[in-house]
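Structural features, examined
These are the residues of each chain, in order.
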Amino acid sequence: MSVHVAADDAGAPRVQAGPNPQHLLTTLLGEYLDSADADLPSAAVVAMLGEFGISESSARAALSRLTKRGLIAVRGAGRPPVYHLTAQAIARHRSRMDQFLSFGARPPRWTGDWVAVCFSLPQSGQAPRHAVRKALGSLGFARLYDSVWIRPGTDAGPVSRELRDILDGVEGGRWSVMHTRFAEEAGPRGPAAAYDLAGLAAAYEEFIARYSGLRVAVRNGEIDATRALVARTSVMDSWRKFPDVDPDLPEHLLPARWPRQAARDLMLEIHSALGALAEARLIEVAAPYWPDAARWITHFRASEDSVSVPADRDR
């Protein structure tokens, strides 16, 4: 995580400068900007990341990397450069914010269906084996046995395409994608064995322990705008890993007293309560370098149906 609220001082969130300013900048842009029309001066970005202990050189390097990835682009040829979010970035940010804020809101629609992948490669096929495992992990598959991977659902198209790209032409390589159901789905030989649910539960519990003190401070009105920006970003930066690693299994496959709902409630309370304060602080930090900051900076919040919406603002 790029930022961290110390467990022993949760009422006064502190920054732990992370190794990935690019990741932190992506979080900030996704949380507080929602228009490709906004001109974003590089000096304003440096000031924003400075709130998190990121140096100017690291901030400018992050800008350069996001430009190469196509998430931001340079507007015009002026100096110093002015950036803007791309249409691709706006769509991605909205989709990801929906994912982060809606994850865990309701039980998954469960049909008992799974997609299973089996593959066999010659002993010399270490490189394609590594590529297959990496691709399967990125698509949400978990390893049930050495060469048997599973994921909930019925959509086999993406994994079939990946395996075809990687393994077609690999001599001696074989693979199959199947739709399956488990005869003993909830038993010890069922699909839950593929997942480290104990480790995932521990991660949720650690999240709760880390931010419970912050929630108390928020309820007591002890978090000002300066603290709010760092604290709110820390909470989201910590929460955003869970939708990517939690397979969202149905309740009958989960251990008793599953802690996800408690972690989600904690995240949403802090995220909602600190939104306006964090926005105000970001405007304050950026305004000396970006006179239009107040026009464009906003913040996302969860709506009643748990889908993210930007705070109402007049453009």
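Report on the accompanying structure. All values derive from a computational prediction rather than experimental measurement.

**Considering empty space enclosed by the protein**
All chains considered together, the criterion is met by 2 cavities of 30 Å³ or more. Each pocket or cavity is described by its volume, and for the largest cavity that value is around 80 Å³. If you go around the largest cavity, the residues you meet are Thr 26, Thr 27, Gly 30, Glu 31, Arg 92, His 93, Arg 96, Met 97, Phe 100, Met 236 and Arg 240. If you list the elements that add at least two residues to the lining of the largest cavity, you get helix H1 (21-32) and helix H4 (87-102). If you tally residues by element for the lining of the largest cavity, the top one is H4, at 5 residues. Across the lining of the largest cavity, the residue classes break down as 3 nonpolar, 4 polar and 4 charged.

**Description of the packing of aromatic side chains**
Following the criterion strictly, the structure yields 10 aromatic pairs and no others. Pairing Trp 114 with Phe 182 gives two aromatic rings, centres 5.7 Å apart and planes at 80 degrees, and the pair type is edge-to-face. Taken together, the residues Trp 114 in strand E4 (residues 114-120) and Phe 182 in the loop between strand E7 (174-180) and helix H7 (197-219) connect sequence positions 68 residues apart. Relative accessible area serves as the criterion here: at 0%, Trp 114 is assigned to the buried category. Centre to centre, the rings of Tyr 204 and Trp 258 are 6.1 Å apart; their planes meet at 75 degrees, and the pair counts as edge-to-face.

**Examining the sheet that holds strand E5 (residues 142-145)**
What the 4 strands build is an open sheet, ordered E5-E6-E4-E7; its pairing is antiparallel. Both outer strands of the open sheet, E5 and E7, are each paired with one neighbouring strand and no more. The sheet shows a mean angle of 30 degrees between the axes of neighbouring strands, direction not considered. Sheet analysis places E4 next to strand E6 (residues 148-152), joined by 5 bridges and oriented antiparallel. Within E6, the residue paired with Cys 118 across the bridge is Val 148. Lying on the sheet, helix H5 (residues 126-138) is in contact with E4, E5 and E6; it crosses E4 at an angle near 175 degrees.

**Digging into the environment of Trp 239**
As for its placement among the helices and strands, Trp 239 is situated in helix H8 (residues 225-239). Residue classification places Trp 239 among the buried residues on the basis of a relative accessible area of 0%. Separated by 25 residues in sequence, Trp 239 and Arg 264 have C-alpha atoms that sit 8.2 Å apart. Those residues within four positions of Trp 239 in sequence are excluded, and the remaining contacts are Phe 100, Phe 103, Tyr 204, Phe 207, Arg 260, Ala 263, Arg 264 and Met 267.

**Re helix H10 (residues 260-273)**
Here H10 spans 20 Å end to end across 14 residues, near enough to the 20 Å set by a 1.5 Å rise per residue. For H10, the set of buried residues is Arg 260, Ala 263, Arg 264, Leu 266, Met 267, Leu 268, Ile 270 and His 271. Those residues of H10 that are buried are in contact with H1, H4, H7, H8, helix H11 (275-286) and strand E8 (300-302).

**A look at the pattern of salt bridges**
Throughout the structure, instances matching the rule amount to 15 salt bridges. Note that Asp 244 and Arg 96 form a salt bridge whose closest N and O atoms lie 3.0 Å from each other. Of this pair, Asp 244 sits in helix H9 (residues 242-245) while Arg 96 sits in helix H4, and the two are 148 residues apart along the sequence. Where Glu 284 meets Arg 281, a salt bridge forms, and the shortest distance between an N and an O atom there is 3.1 Å. A residue pair is termed a helical-turn pair when its members lie 3 or 4 positions apart in one helix, as Glu 284 and Arg 281 do in helix H11 at 3 residues. Residue classification places Glu 284 among the partly exposed residues on the basis of a relative accessible area of 49%.

What counts and how
Every chain begins its residue count from 1, and numbering advances along the sequence as written. Where local features are concerned, this predicted model is filtered to residues with pLDDT of at least 70; where side-chain atom pairs are given and counted, the filter is 80 or more; whole-chain, interface and lining totals use all residues. Side-chain measures here rest on the full set of heavy atoms in the structure, leaving out hydrogens and waters. Here a cavity denotes a set of grid points, spaced 1 Å apart and computed over the protein atoms alone, in which a 1.4 Å probe fits but from which it cannot get out, and a pocket denotes an open set meeting protein on both sides within 12 Å along at least five of seven lines; residues with an atom within 4 Å of a point are reported as lining. Grid points are joined across faces, edges and corners, and a volume is the space filled by probe spheres set on the points. Only runs of H or I of at least four residues qualify as helices and only runs of E of at least two qualify as strands under DSSP, and these elements are numbered from the N terminus. Residue polarity is assigned by list, with Asp, Glu, Lys and Arg as charged and Ala, Val, Leu, Ile, Met, Phe, Trp, Tyr, Cys and Pro as nonpolar; anything else, Gly included, falls into the polar class. Stacked, edge-to-face and tilted labels apply to pairs of Phe, Tyr and Trp rings (six-membered ring for Trp) whose centres lie within 6.5 Å, assigned for plane angles under 30 degrees, over 60, and everything in between, in that order. Residue burial is assigned from relative accessible area. The probe radius is 1.4 Å, only protein chains are included, and a residue is buried under 20% of its type maximum, exposed over 50%, and partly exposed in between. By definition, two strands form a pair when at least two bridges between them are found by DSSP. To obtain each axis, a line is fitted to C-alpha atoms, and for helices this fit is confined to the stretch in contact; angles are then taken between N-to-C directions over 0 to 180 degrees. Contacts are assigned to residue pairs with any non-hydrogen atoms lying within 4.5 Å of each other. Helix span, expected: 1.5 Å multiplied by one less than the number of residues in the helix. Salt-bridge detection follows one rule: a side-chain nitrogen of Lys or Arg within 4 Å of a carboxyl oxygen of Asp or Glu.

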